[in-house]
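# Topology and contacts: notes
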Amino acid sequence: MQMTEPFAASIAAVAPVLVLVAAVELVNSDRRTTAILAEIGDEMERDRADGLPPPAGEAAHKYLLPFMRSVLGQFIAFVWAVFGIFQVVAVALSLVWLATPEAKPEADLATVCLVAILGGMVWLIVFPLIRSVFSPLAHVSRLERIAREWREPERQDASPSATADGS
């Protein structure tokens, strides 16, 4: 494969679209992460205000699971940033090559641009797939909490101290 004028022009036309998508996803990821961390902080403040002891062991899962979602979101945002930077490099290389009057076909330059474009396009498909696979996990901690709250009254009702006549 060689860097040719049609190839360089195609790279220069396609890569900015991928850069735009990467930028939008970075902003959205930052918003989601900020919301998750704010939610964790709000819940911790409520628990502290309610006089609950600091969570330990299994009780800490209600904070840990959302935190892990935010870490995963930050990792995905990092990958978007890497591909976004790679796209910018591909555009710059293509435009410089196109602007050079004595430009000759170059295999290495074409390979770098091809990897940047294909990597960005693959990530464009993989990222929504990852999000759709992991999005149900976003609700796991809430569902666990609801199930635990349902079980707790049953335990209290079944305990001997919960009966009115003490029997």
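Relevant structure appears above.
The rules behind these values
- Residues numbered from 1 in each chain as written.
- Predicted model: local features only at pLDDT ≥ 70, side-chain atom pairs only at ≥ 80, totals over all residues.
- Heavy atoms only, no water.
- Helix = DSSP H or I, 4+ residues; strand = E, 2+ residues; numbered from the N terminus.
- Buried < 20%, exposed > 50% of the residue type's maximum accessible area, 1.4 Å probe, protein only.
- Areas by Shrake-Rupley, 256 points an atom, 1.4 Å probe, with all protein chains shown as cover.
- Salt bridge = Lys/Arg side-chain N within 4 Å of Asp/Glu carboxyl O.
- Core = buried A, V, L, I, M, F, W, Y, C linked by side-chain atoms within 4.5 Å.
- Contact = heavy atoms within 4.5 Å.
- Axes fitted to C-alpha atoms, helices over the stretch in contact; angles between N-to-C directions.
- Parallel < 35°, antiparallel > 145°, perpendicular 65-115°, else oblique.
- Left-handed = near helix turned anticlockwise from the far one by under 90°.
- Nonpolar A, V, L, I, M, F, W, Y, C, P; charged D, E, K, R; others polar.
- Patch = residues over 30% accessible without salt bridge, like charges linked within 9 Å, V, L, I, M, F, W, Y side chains within 5 Å.

Scanning the chain from terminus to terminus reveals four helices and zero strands. The order of helices and strands in the chain, counted from the N terminus, is α-α-α-α. Burial statistics for the chain: of 167 residues in total, 25% are counted as buried. Accessible surface computed for the chain: about 11000 Å², of which carbon and sulfur atoms make up 68%.

Locating Ser 10 in the fold gives a position in helix H1 (residues 5-49). For the pair Ser 10 and Ser 94, spaced 84 residues apart in sequence, the C-alpha separation works out to 8.8 Å.

Another point: the pattern of salt bridges. As a working rule, side chains carrying opposite charge can pair if their charged atoms are close by. Across all of its chains, the model carries one salt bridge by this definition. When the shortest N-O distance is used, the salt bridge between Glu 45 and Arg 48 registers 2.7 Å. Pair noted here: Glu 45 and Arg 48 are both in helix H1, with a separation of three residues, about one helical turn. Judged by relative accessible area, Glu 45 falls into the partly exposed class, the value being 44%.

Bringing the nonpolar core into the picture now. Ranked by internal contacts, the top residues of the largest apolar core, which has 14 residues, are Met 3, Phe 7, Ile 11, Ala 90, Trp 97, Cys 113 and Ile 117. Sorting the residues of this core by element identifies H1, helix H2 (61-99) and helix H3 (107-134) as the ones contributing at least two each. What Phe 7 contacts, discounting residues up to four positions off in sequence, is Met 1, Gln 2, Ala 110, Cys 113 and Leu 114. Formed by six residues, the second largest nonpolar core is a distinct cluster that contains Ala 22, Ile 76, Val 79 and Phe 127.

The next thing to look at is the environment of Ala 35. In this fold, Ala 35 is placed in helix H1. Separated by 35 residues in sequence, Ala 35 and Ser 70 place their C-alpha atoms 9.1 Å apart.

With that out of the way, let us pick up the packing of H1 against H2. Where H1 contacts H2, the two axes come as close as 7 Å, and the packing angle between them is 160°. Comparing their axes, H2 and H1 come out roughly antiparallel. When the axes of H1 and H2 are compared, the crossing they make is left-handed. Taken together, the residues of the contact of H1 with H2 break down into 27 nonpolar, eight polar and six charged.

Another aspect to go through is a nonpolar patch on the surface. A cluster of nonpolar side chains, contributed by Leu 37, Leu 64, Phe 67, Met 68 and Val 71, occupies part of the molecular surface with about 410 Å² of accessible area. No other element matches H2, which puts four residues into the nonpolar patch. Turning to its location among the elements, Val 71 is positioned in helix H2. Since its relative accessible area comes to 37%, Val 71 is described here as partly exposed.

Function cannot be read off these values alone, since they describe shape.
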